[in-house]
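Architecture at a glance
For reference, the chains in residue letters:
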Amino acid sequence: MKLIIGALLPAIILMGYIYKKDTLEKESPGILLKCLLGGCLAALAAIILEAILEGVFSLTFSGLLYTLASNFVGVALVEEAAKLFFCWLFVWKSREFNYRFDGVVYMAFTSLGFAAFENVLYAISYGTGVLFSRAIFAIPAHLSFAIFLGSYFGTAKMYAVRGHKGKAQNLVMYGLLQSVLLHGFYDFCLTVGSLWLTLAFYVFVILMDILTIRRIRRDSEADSPIYG
């Protein structure tokens, strides 16, 4: 039980932080639980898809091309697209999705549900030794990827409600592209593991954390109703 609690705690703390920043209208427990479920389903889907693509890429590419394809497509695109799909499936048509910052909240909870599920699997497989580094790096990174996507997700909902469906789709795709590039570069640095990329990784994480906090604060303060 302690192992599971230790694996879940970082994600729970970050969920509390995001929930606190949703100042105009708090989301109901029901829709937040849907987002968490969506994150878990996204993690299961990603496990299957990543295994398939790993087999394809290992037969198709080698060297740097394999590393790029594996990290940016086989992991980053698969995971971020899976999170987006299940979040969209569960919340897009909900009447509770009525403020722009809701998009940030929903994507954050979906991503943290993904990260919590993944963290439990890591804890079971490798023990408590992996939990500290994942609490510092992996869990906040999943949140960061979600914030950049969620910011566009909320704005896209506003445009869709007002009849601009093409604009809404473009915003979602742009947000997805940002999250995939961030996620892919994060994983690429860790996979290659050279001295320069290791240094770049630490600089990247620090900058991404700073930008994430600023984006959350900005979107929270600029929140506005989607309807009306």
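Residues numbered from 1 in each chain as written. Predicted model: local features only at pLDDT ≥ 70, side-chain atom pairs only at ≥ 80, totals over all residues. Heavy atoms only, no water.

Let us look at the overall build of the protein. Each helix and strand in the protein was counted, giving 7 helices and 0 strands. When the helices and strands of the protein are placed in sequence order, the string is α-α-α-α-α-α-α. Taking 17 Å as the expected radius of gyration for a compact globule of 228 residues, we find that the protein reaches 17 Å, a close match to that expectation. Viewed in the frame of its principal axes, the protein has a C-alpha envelope of about 55 × 40 × 30 Å. Residue burial in the protein is summarised as follows: out of 228 residues, 47% are buried. Across the protein, contacts joining residues at least 24 apart in sequence account for 80% of those joining residues at least 6 apart. Each charge sign in the protein was given a centre, from 18 positive and 15 negative side chains, and these centres are 6 Å apart. (Helix = DSSP H or I, 4+ residues; strand = E, 2+ residues; numbered from the N terminus. Rg over C-alpha atoms; globule rule 2.2 N^0.38 Å. Buried < 20%, exposed > 50% of the residue type's maximum accessible area, 1.4 Å probe, protein only. Contact = heavy atoms within 4.5 Å. Lys, Arg positive; Asp, Glu negative; His and termini not counted. Charge placed at Lys NZ, Arg CZ, Asp CG, Glu CD.)

Going through the model one piece at a time under the given rule, you end up with 3 salt bridges. We note a salt bridge from E80 to K83, for which the minimum N-O separation is 2.9 Å. In this pair, E80 and K83 are both assigned in helix 3 (residues 63–91), 3 residues apart and thus about one turn of the helix distant. The partner of D219 in a salt bridge is R218, and the shortest N-O contact between them spans 3.0 Å. (Salt bridge = Lys/Arg side-chain N within 4 Å of Asp/Glu carboxyl O.)

This part is about the packing of helix 5 (residues 131–161) against helix 6 (residues 165–192). Running from N to C, helix 5 and helix 6 cross one another at 170 degrees; their axes reach a closest spacing of 7 Å. Compared by their axis directions, helix 5 and helix 6 come out roughly antiparallel. Across the contact of helix 5 with helix 6, the residue classes tally to 18 nonpolar, 6 polar and 1 charged. (Axes fitted to C-alpha atoms, helices over the stretch in contact; angles between N-to-C directions. Parallel < 35°, antiparallel > 145°, perpendicular 65-115°, else oblique. Nonpolar A, V, L, I, M, F, W, Y, C, P; charged D, E, K, R; others polar.)

In this section: the packing of aromatic side chains. Applying the stated criterion to the full structure yields 16 aromatic pairs. Between F97 and Y106, the aromatic rings sit 5.2 Å apart at their centres with planes inclined by 85 degrees, giving edge-to-face as the arrangement. Take F97: its relative accessible area is 0%, and that puts it in the buried class. Ring plane angle 35 degrees and centroid distance 5.5 Å describe the contact between F97 and F153, whose orientation is recorded as tilted. Pair noted here: F97 is in the loop between helix 3 and helix 4 (100–126) and F153 is in helix 5, with a separation of 56 residues, a long-range link. By the burial criterion, F97 is buried, and F153 matches it. Among the aromatic residues, ring-to-ring pairing joins F137, F145, Y186, F201 and Y202 into one connected group. Positioned over the ring face of W92 is K157, at 5.3 Å from the centre of the ring. Seen from the ring of Y159, K167 lies directly overhead, with NZ or CZ sitting 5.8 Å from the centre. (Phe/Tyr/Trp six-rings, centres within 6.5 Å; stacked < 30°, edge-to-face > 60°. Lys NZ or Arg CZ within 6 Å of the ring centre and 35° of its normal.)

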